[in-house]
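Listed here are the chains, written in short residue letters.
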Amino acid sequence: MIGGALGRRLTGLLLRRPVTLWYDPRYRLPLSGLEGATGMEPRRADFAAWWLAGSGAVSPRRVRAPSRIAIEELARVHTPRLLESLERPAALAAMFGVDPEELDADELLDSVRLACGGTLEATRATLRSGEPAINLLGGFHHAAPDAGGGFCPVNDVAVAIAAVRAEGFAGQVVVLDLDAHPPDGLGLCLAADPRAFVGSLSGSDWGPLPGVDETLLPEGCPDDPYLNALEALLDRAPRPALAYVIAGGDVLAGDRLGRLGLTLRGARRRDLLVARWLDDRPQVWLPGGGYTRRAWRVLAGTGMAVALRSLRPIPEDHDPLSTRFRRISAELSPGELGDAGDLTAEDIEEALGLRPTRQRLLLGFYTAGGMELGLHRYGIFQQLARLGYRDFRVTFDQGAAGERFRLTGEADGLTGPQVLVELVLEKRRCLGVPVLYIHWLSLRNPRVRFSERRPRLPGQEVPGLGLARETATMLARMAVRLNLGGVVFRPSHFHLAYSARHGFAFVDPDREGRFQALVRDLADRPLLEATQLVADGRILMNGQPYAWEADEMAYWLRESPADPGEVEREKLRVHFTVAPPR
Ligand SMILES: [Zn+2]
């Protein structure tokens, strides 16, 4: 008998069902402000794909890249008027709740058309093989034949059904819409199909939905009543020859838009119940919505329910980005990133005094070419390209505070190279530990302007890139490679500390306690309002005016020297309130 983790893994693999996963890195929507504005995790599909393939739940050989759906396929369901409107940035922007100038319509449509292609290919594949299929973007249930909306420009499910109907499939279709919102568009799209059943559980009342078996659940509905309502829905539903499950991530308690109150375990039990009910009938699983950082855990959990019938939770401390970057970093050799000692023509010219001396190495190790290779391998250039930039270049120089790293890129409509990332770095000690110290960090998206939808955060000169987590994770990998014990910076504003708070903590435990108390006491306010109140001096601590303390925050790579008891004591001691406007 084989025991322990290996045994569990082997047992898991033996019980694994053959599930096929449709995924493309372009499933990440090329909208740099989405995370800040909605609290959405734009990397949801990436995280779920990395987890499912990395944990062995889905064989990496069964991960498929979708093709973009043809316009003719979309035209089976959607009117020419809707399809033409997708070419107009203003129309597309309205469906995603962003400013027209923020989006590159071609790139955004690429994501949408790939997702629709994935749902259609998954449908054909499951009809052919009978094996379950999961598409990591889709379930655009709000799109009607003549109108898109709510992150749904077109209806992937209706388009896929129309396509296989045209190819001769005449069986019963069942759509189980377990997203927290009603399938208003889907009901309209399928109205004329007598062999399509749409059943839905929702947390919002959008009025009568013709053609939909809709159950409205009370606000904050927890696991058990939800699962009871699901069992009742499954009892009413016809037995499908083809099923779609929109396994929405917005059912979680705390979702900004969902209004339901499920736990992660409850969402997994939901998927297990449906997976057992469907058994080996052709089925396509789709993610639907999800407007919290944790939504990827629901989607990855859907994969574990379908492939392994498993209730095993994903470890709370699993950070997909760190895991991914650690693996990529291990594949990058020191010779590729750093100084291999080879002399270039520029070196010789410098040595001969024919050109000014450049700073050749960053932190005594990285070459500019090495940094560019790293940025490429970590996928950062690809993200920047989707935001409309090209011709990337890394340069270094020595500033007063430390070494300056700059990444520039060019874009249509902007003259000359634009600074996209600027860092001022230094190796120094913090609490006796050698760390990578960040004096300055700026992520800039100069193509985008501030607006009501994209308001200026304190300290911002242009809007950000939405790549703060990638940057922080890459800096952590750099610190590891340089054999340092952590990454340290001083957040000049509340929102910077807030965004960093999952990996970073204030070095001083009292300061961390006060910060956690501030996060606790401002939890009801949107981040933008909270950071503005702090910047404007409108916050009182135990009744006294409170000024932001830009102390050092650290991400410790070895162990944290902080005493959690001290943090907790200070957190309980202080209370923050908002002073009335002057
Ligand atoms: Zn939803």
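These remarks concern the structure in this document. Note that the structure is a prediction, hence the values are computed from the model and not measured.

Reading the values: the criteria
- Each chain has its residues counted from 1, following the order in which its sequence is written.
- Local features in this predicted model are restricted to residues of pLDDT 70 or higher, and side-chain atom pairs are both shown and tallied only at a pLDDT of 80 or more, whereas totals for entire chains, interfaces and linings draw on every residue.
- Only hydrogens and water are removed before side-chain values are computed, so all heavy atoms of the structure are retained for them.
- Comment: elements are numbered from the N terminus, with helices defined as DSSP H or I runs of at least four residues and strands as E runs of at least two.
- All radius of gyration figures rest on C-alpha atoms, and the globule criterion is 2.2 Å times the number of residues raised to 0.38.
- Throughout this description, buried means an accessible area under 20% of the type-specific maximum (1.4 Å probe, protein chains only), exposed means over 50%, and partly exposed covers the range between.
- Two strands qualify as a pair provided that DSSP identifies no fewer than 2 bridges between them.
- The donor definition counts N, O and S atoms within 2.8 Å of each metal and applies 3.2 Å to Na, K and Ca; water is not among these atoms, so some sites may look incomplete.
- A 3.5 Å cut-off defines polar contacts: any pair of N or O atoms within that distance qualifies, except that in protein one atom must be a possible hydrogen donor and the other a possible acceptor, and neighbouring residues in sequence count only when both atoms are side-chain atoms.
- Residue contacts are defined here by distance: any two heavy atoms, one from each residue, within 4.5 Å place the two residues in contact.
- Should a side-chain nitrogen of Lys or Arg be within 4 Å of a carboxyl oxygen of Asp or Glu, the pair is scored as a salt bridge.
- The axes used here are C-alpha line fits, helices contributing only the stretch in contact, and every angle between their N-to-C directions lies in the interval 0 to 180 degrees.
- Convention used here: angles under 35 degrees read as roughly parallel, angles over 145 as roughly antiparallel, angles from 65 to 115 as roughly perpendicular, and any remaining angle as oblique.
- By definition, turning the near helix anticlockwise from the far helix through less than a right angle yields a left-handed crossing, and turning it clockwise yields a right-handed one.
- Only Asp, Glu, Lys and Arg are considered charged, only Ala, Val, Leu, Ile, Met, Phe, Trp, Tyr, Cys and Pro nonpolar, and every remaining residue, Gly among them, polar.
- Take the buried residues of types Ala, Val, Leu, Ile, Met, Phe, Trp, Tyr and Cys, join any two whose side-chain atoms come within 4.5 Å, and each joined set is a nonpolar core.

A tally of helices and strands in the chain yields 22 helices and 18 strands. Over its C-alpha trace the chain gives a radius of gyration of 26 Å, about what one expects of a compact globule, namely 25 Å for 582 residues. Along the first, second and third principal axes, the C-alpha set of the chain runs to 80 × 65 × 65 Å. Looking at the 582 residues of the chain, the share that counts as buried comes to 54%.

It is worth spelling out the sheet that holds strand 11 (residues 418–430) at this point. Spatially, seven strands are ordered 9-10-11-12-13-17-14 in an open sheet, and the strand pairing comes out mixed. At either margin of the open sheet sits one strand with a lone partner, and together these are strand 9 (390–398) and strand 14 (505–506). Looking at chain direction, strand 12 (residues 433–443) and strand 13 (residues 486–489) are connected through three bridges and run parallel. Bridge pairing links Y437 to V488 in strand 13.

We now examine the coordination of the zinc ion. Coordination of the zinc ion by the protein comes from D179 (OD), H181 (ND1) and D250 (OD), over a distance range of 2.0 to 2.1 Å. A relative accessible area of 1% places D179 in the buried class.

This part covers the side chain of S322. With respect to the secondary-structure elements, S322 resides in helix 13 (residues 320–331). Side-chain polar atoms of S322 contact the side chain of D319, separated by 2.9 Å.

With nine of eleven residues buried, helix 8 (residues 156–166) is to be regarded as a mostly interior element. Buried within helix 8 are the following residues: D156, V157, A158, V159, A160, I161, A162, A163 and V164. On its buried face, helix 8 is in contact with helix 4 (71–74), helix 7 (105–129), strand 4 (173–177), helix 9 (184–189), strand 7 (242–246) and strand 8 (283–286). Two residues or fewer after helix 8 comes G168, characterised by a positive phi angle close to 110 degrees.

Turning next to the pattern of salt bridges. Across all of its chains, the model carries 39 salt bridges by this definition. For the salt bridge of R294 with E316, the shortest nitrogen-to-oxygen distance reads 3.3 Å. Highlighted residues: R294 in the loop between strand 8 and helix 12 (295–308) and E316 in the loop between helix 12 and helix 13, separated in sequence by 22 residues. The structure contains a network of salt bridges with shared partners spanning R28, E41, R43, D319, R469 and E470.

Packing of helix 20 (residues 509–521) against helix 22 (residues 564–573) brings their axes to within 7 Å, and their N-to-C directions diverge by 45 degrees. By the criterion of interaxial angle, the relationship of helix 20 to helix 22 is oblique. For the pair helix 20 and helix 22, the sense of crossing is right-handed. Of the residues in helix 22, those in contact with P509, D510, E512, G513, R514, Q516, A517 and R520 of helix 20 are E566, V567, E570 and K571. Looking at the contact of helix 20 with helix 22 residue by residue, the class counts come to three nonpolar, two polar and seven charged.

Counting 169 residues, the largest nonpolar core has F96, L136, V175, Y226, Y244 and F405 as the members making the most contacts within it. Looking at this core, the element that brings in the most residues is helix 7, giving ten residues. Excluding residues that lie within four positions of it along the chain, Y244 makes contacts with T119, T123, V157, A160, I161, V173, V174, V175, L176, V284 and L286. Ranked by size, the runner-up nonpolar core spans seven residues in total, among them C430, Y437, A554 and W556.

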